[in-house]
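Spelled out from the first residue to the last, the chains are:
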Amino acid sequence: MVYRVQGILGFVLFLAVLRYAHGDLSYSIPEEMKRGSVIGNIAKDLGLEVGRLSARKARIETEGNDNSYCDVNLRNGDLIVAERIDREEHCGGKALCVLKFELLLEAPLELHRVSVQIQDINDNAPIFPKDVIKLEIRESADKGARYRVNAAHDADIGQNAVQSYALQRNSNFIFNVKTTNSGIKFGELVLDKELDREEQQEIQLLLTALDGGSPQRSGTVTIHVTVLDANDNAPLFSQAVYEASLSENSPLRTPVITIRATDADEGVNGEVTYEFTQMSEKSRKLFSLDQKTGEIIVTGDIDYEEGSKYEMFVEAKDGYGLSSDSKVIISITDVNDNAPVIYLKSVTNPIPENVPSGTEVGIVNVQDRDSEKNRKARCSIQQNVPFKLVPSINNYYSLVTIGELDRELIPDYNITIIATDEGSPPLSSSKIVQLSVADVNDNPPVFEERSYTAYVSENNKPGSTLCSVTARDPDWRQNGTVIYSLLAGEVNGSPVSSYVSVNGETGIIHVMRQFDYEQFRDFKVHVMARDNGSPPLSSNVTISVFITDVNDNSPQILYPAAEGNSFMTELIPKAAHGGSLVSKVIAVDADSGQNAWLSYHIIKSTDPGLFTIAVHSGEIRTQRDISESDSMKQNLIVAVKDNGQPSLSATCVMYLLISDNLAEVPELKDMSYDESNSKLTSYLIIALVSVSTFFLTFIIVILGVRFCRRRKPRLLFDGAVAIPSAYLPPNYAEVDGTGTLRSAYNYDAYLTTGSRTSDFKFVRSYNENTLPADDTLRKTPTDFAEAFGDCDASPEVTAM
């Protein structure tokens, strides 16, 4: 019977701490210690700081999936019992029972082998193989005859194993204790007094087996003796010890060995049977014995890693109880049936992408349960990755970087680690280690284009979208978040922020004011893209903004001028031929491009077939020769149009007189602007209001004009206008073909006021078809008043 000893804390604990040259530690403790019991102080024994144990992730590592029976208290450095330790369960009958494990420390990697010797305590009682031992002894047996009794088995060892036997007092037998070469104590039942079958046919004896532990434990068995006739020869084995070798993984019912014993007796006395007398429970599950043939066969799964050697005793007994025994040793040979197992003991995940080459990011351990060369394994990484395995201590490897990491190129790695043993055939296994690369702000935002060009029409609406810029940052999260802003600058002396604004999140740029192409035509904006990293990174880009022209300016007519209260008249000789230059309309447009391309058209004339105007130059010429039937007074309404969309235009009136001299010129008072316009209406209103006041004066002036008319040539004009030959208004550029004055013509008119005479100078042209007239007509103011006494209107330039 087995029971657990109470009060184990009272057991004197012997702790022997040995430090080897390798830094290994050895401890000795009794089995069955309670959880949490202190084995020793590892920090003190290794000279480590207790506070560094937690930082270095100190822990106990065992081979494979074996239970960890010990643990480290990181607070004080004690090595403590983590699980119940049963020496018999781990080591069976071995004299020395040692638990081996490793103490692993990181940063840097450090490995210490720790051995804990498990001392036996008397927690198991002796047990006989059978509850009843049956013996058949002939009554003819001589005094002193010996009958072997199977030894009791005690799982404990040493002094705690079976030490003695005690036989119940009786009149026929005594018990003699013997010891085998292996130290096992067994007994022989010795006949002390001859038997008499007629007196007693059966005898019941109680045999007790005692161990040497404290407290002492015992086990009993009943010996049933049947008195028979004489049997004087016991079976004899051919060998004292039988040895056999068996490969692991052998199939069931595989023959292991056949043992043989012979008996010199005949008949029933010579019939030998076999049975196991002493063997472990594990052995009983793996092997069976044929009672008649003595053949041992496999009845369970043979695994070298579970047990490499099995020992058992076999008894051979004849028909009347004489017996002998022999020892059988079965050795298991290893087969490479276990592939290496890869354990990831530690890993740093994620890994910053800026770690230097050679940084340790993980610890890998390879274990193989096989033995000898089948146990040796090689570990490697087959992929082309910036990592490698560096061999360390006792099948430990450090996983280190061998190159630069870039999260923007490869954010994750699936590293396949392959371990291969040296067995035949070799076995291998693999493990995938997933590592992520943590982002570091190492990339500034990059704009999609080196520079941007944007166009905006003048007269734009403030707040409208100008363009958008986009910058990409391959970094992650806040390191890749891009914020846009304007760099400080000025445009025409004003901050650039008063012209445009940028959306910090989207990069959309809006205009803040209305632009005028005629004021300025382009400017530059500098935009910065900055990420949210620490420290932040940024980049700049230049945006060239061009203002496009809109047709928002009507043509401006320079000649004939619409200023003042006078109008101008051109004099045409009666002998003018077809194609002769009469006059020219001069106009400009403040717009540019096609919006400033001007075209000239006569929209109304006194004689539609007499004059024509050049569409692009504005030159007015005769279409045919002047005839006597043509009216002396010719009025032309000319429209000047630009080429914009929609087109804008302006109009003017040209007054022409067909005459060779001024004497033939009739009163010009009937010459007026045929079209009703706002200025003429104003003059009529003023005339109606003042007619009653100036009526008498007006009659006197008319009479005076008529009187002077007989004495001097009539004046041609009622006012004075001077147009310089090179006159252009401000901000206008001369562009050939756009309707402005060409350098090939000069138009000079000299009209004076405040003098007694007025001069008229005909148009001078360098064109061969220009009228040759170059006469200067003089007329006194009285003649002029007489001729234009009734004229109070002057031509104007109107815009359509």
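Residues numbered from 1 in each chain as written. Predicted model: local features only at pLDDT ≥ 70, side-chain atom pairs only at ≥ 80, totals over all residues. Heavy atoms only, no water.

## Considering the overall build of the protein chain
Within the protein chain, the secondary structure is distributed over 6 helices and 57 strands. For the protein chain, the residues scored as buried account for 45% of the 800 residues in total. Summarising the internal contacts of the protein chain: among those between residues at least 6 apart in sequence, 68% fall at separations of at least 24. For the protein chain, the accessible surface area stands at approximately 41,100 Å², while carbon and sulfur atoms represent 49% of it. (Helix = DSSP H or I, 4+ residues; strand = E, 2+ residues; numbered from the N terminus. Buried < 20%, exposed > 50% of the residue type's maximum accessible area, 1.4 Å probe, protein only. Contact = heavy atoms within 4.5 Å. Areas by Shrake-Rupley, 256 points an atom, 1.4 Å probe, with all protein chains shown as cover.)

## As for the pattern of salt bridges
Here the structure, examined in full by the defined rule, presents 22 salt bridges. With its nearest N and O atoms 3.4 Å apart, the salt bridge here joins Lys327 to Glu311. With Lys327 in strand S24 (residues 323-333) and Glu311 in strand S23 (residues 309-317), this residue pair connects regions lying 16 residues apart in the sequence. You can call Lys327 buried: its relative accessible area is 16%. Residues joined by salt bridges that share partners form a network here, namely Arg59, Glu61, Glu106 and Lys345. (Salt bridge = Lys/Arg side-chain N within 4 Å of Asp/Glu carboxyl O.)

## Some words on the side chain of Thr622
Here Thr622 lies in strand S50 (residues 619-622). Among all residues touching Thr622, those that are not within four sequence positions of it are His577, Gly578, Gly579, Ser580, Val582, Leu610 and Phe611.

## What to know about the state of the cysteines
Tallied over the full model, the rule gives 1 disulfide. Put simply, Cys91 and Cys97 are joined by a disulfide, and their sulfur atoms are 1.9 Å apart. Between Cys91 and Cys97, the disulfide has an S-S torsion of 65° and is therefore right-handed. (Disulfide = S-S within 2.5 Å.)

## Considering the sheet that holds strand S9 (residues 132-138)
One open sheet accounts for 4 strands, arranged S9-S15-S14-S11; its pairing is mixed. With one partner strand each, in any of the chains shown, S9 and strand S11 (162-167) form the two edges of the open sheet. In this sheet, neighbouring strand axes are inclined to one another by 25° on average, regardless of whether the strands run parallel or antiparallel. Pairing of S9 with strand S15 (residues 218-228), which is carried by 7 bridges, proceeds in the parallel orientation. Counterpart to Glu136 in the pairing with S15 is Thr226. (Pairing = 2+ DSSP bridges. Axes fitted to C-alpha atoms, helices over the stretch in contact; angles between N-to-C directions.)

## Details of the packing of aromatic side chains
Overall, the coordinates contain 15 aromatic pairs when judged by the stated rule. Pairwise contacts between aromatic rings join Tyr499, Phe515, Phe520 and Phe523 into one cluster. The aromatic ring of Phe186 is capped on one face by Arg148, whose charged end is 3.8 Å from the ring centroid. Lying over the aromatic face of Tyr499, Arg513 brings its terminal NZ or CZ to 4.0 Å of the ring centre. (Phe/Tyr/Trp six-rings, centres within 6.5 Å; stacked < 30°, edge-to-face > 60°. Lys NZ or Arg CZ within 6 Å of the ring centre and 35° of its normal.)

## Describing the sheet that holds strand S49 (residues 611-613)
Pairing in this open sheet of 3 strands is antiparallel, and the strands run S46-S50-S49 from one edge to the other. At either margin of the open sheet sits one strand with a lone partner, and together these are strand S46 (581-584) and S49. Going across the sheet, the axis of each strand differs from the next one's by a mean of 25°, ignoring polarity. Bridge count between S46 and S50: 3 bridges; the pairing is antiparallel. Pairing of Ser583 across the sheet is with Ile620, part of S50.

## A word on the environment of Asn124
Within the element layout of this structure, Asn124 appears in the loop between strand S8 (110-119) and S9. Polar contacts involving the side chain of Asn124 include one to the side chain of Asp123, which spans 2.9 Å. (Polar contact = N/O pair within 3.5 Å; in protein donor to acceptor, adjacent residues only side chain to side chain.)

## Looking at the pairing of strand S42 (residues 522-531)
Sheet topology places strand S37 (residues 482-486) next to S42; 5 bridges connect them, and they run antiparallel. Across the sheet, the residue bridging to Ser485 is Met528, located in S42. Pairing analysis gives 9 bridges linking S42 to strand S43 (residues 538-548), with the strands arranged antiparallel. What sits directly across from Ala529, in S43, is Ser539. Between the end of S42 and the start of S43, which pair antiparallel, lie 6 residues.

## What about the side chain of Ser617?
Summarising the element assignment, Ser617 is placed in the loop between S49 and S50. Within the local environment of Ser617, its side chain forms a polar contact with the backbone nitrogen of Glu619, the two atoms lying 3.4 Å apart.

## Details of the nonpolar core
Grouped burial of nonpolar side chains is what soluble globular proteins tend to show. Formed by 28 residues in total, the largest nonpolar core has its most connected members in Phe447, Leu466, Tyr484, Ile509, Val527 and Ile543. Those residues within four positions of Phe447 in sequence are excluded, and the remaining contacts are Tyr452, Val469, Thr470, Ala471, Tyr484, Val527, Met528, Ala529, Ser539, Asn540 and Val541. (Core = buried A, V, L, I, M, F, W, Y, C linked by side-chain atoms within 4.5 Å.)

## Description of a nonpolar patch on the surface
Judged by side-chain polarity, Phe695, Leu696, Phe698, Ile699 and Leu703 come together as a nonpolar surface patch covering roughly 520 Å² of accessible area. With respect to the helices and strands, the residue Ile699 is situated in helix H5 (residues 678-709). (Patch = residues over 30% accessible without salt bridge, like charges linked within 9 Å, V, L, I, M, F, W, Y side chains within 5 Å.)

## Description of unusual backbone geometry
With omega at -5°, the peptide bond leading from Ser424 into Pro425 counts as cis. With respect to the helices and strands, Pro425 occurs in the loop between strand S31 (412-421) and strand S32 (428-438). Each neighbour pair has its own omega, and for Tyr559 with Pro560 the value is 0°, a cis peptide bond. Unlike most non-glycine residues, Lys57 shows phi in positive territory, near 55°. Mapping Lys57 onto the fold places it in the loop between helix H2 (50-55) and strand S4 (59-61). Look at Lys57 and you get partly exposed, because its relative accessible area is 44%.

## A word on the environment of Asp156
Note on placement: Asp156 falls in the loop between strand S10 (146-149) and S11. Residue Asp156 is classed as buried on the basis of its relative accessible area, which comes to 3%. Put simply, Asp156 and Asp123 are 33 residues apart on the chain and 7.3 Å apart in space, counted from C-alpha to C-alpha. Sequence-distant contacts of Asp156, defined by excluding residues within four places in its chain, comprise Glu31, Arg87, Glu88, Asp120, Ile121, Asn122, Asp123, Asn124 and Ala161. A polar side-chain atom of Asp156 sits 3.3 Å from the main-chain amide nitrogen of Asp123. Engagement of the side chain of Asp156 in a polar contact is seen with the backbone nitrogen of Asn124, the distance being 2.9 Å.

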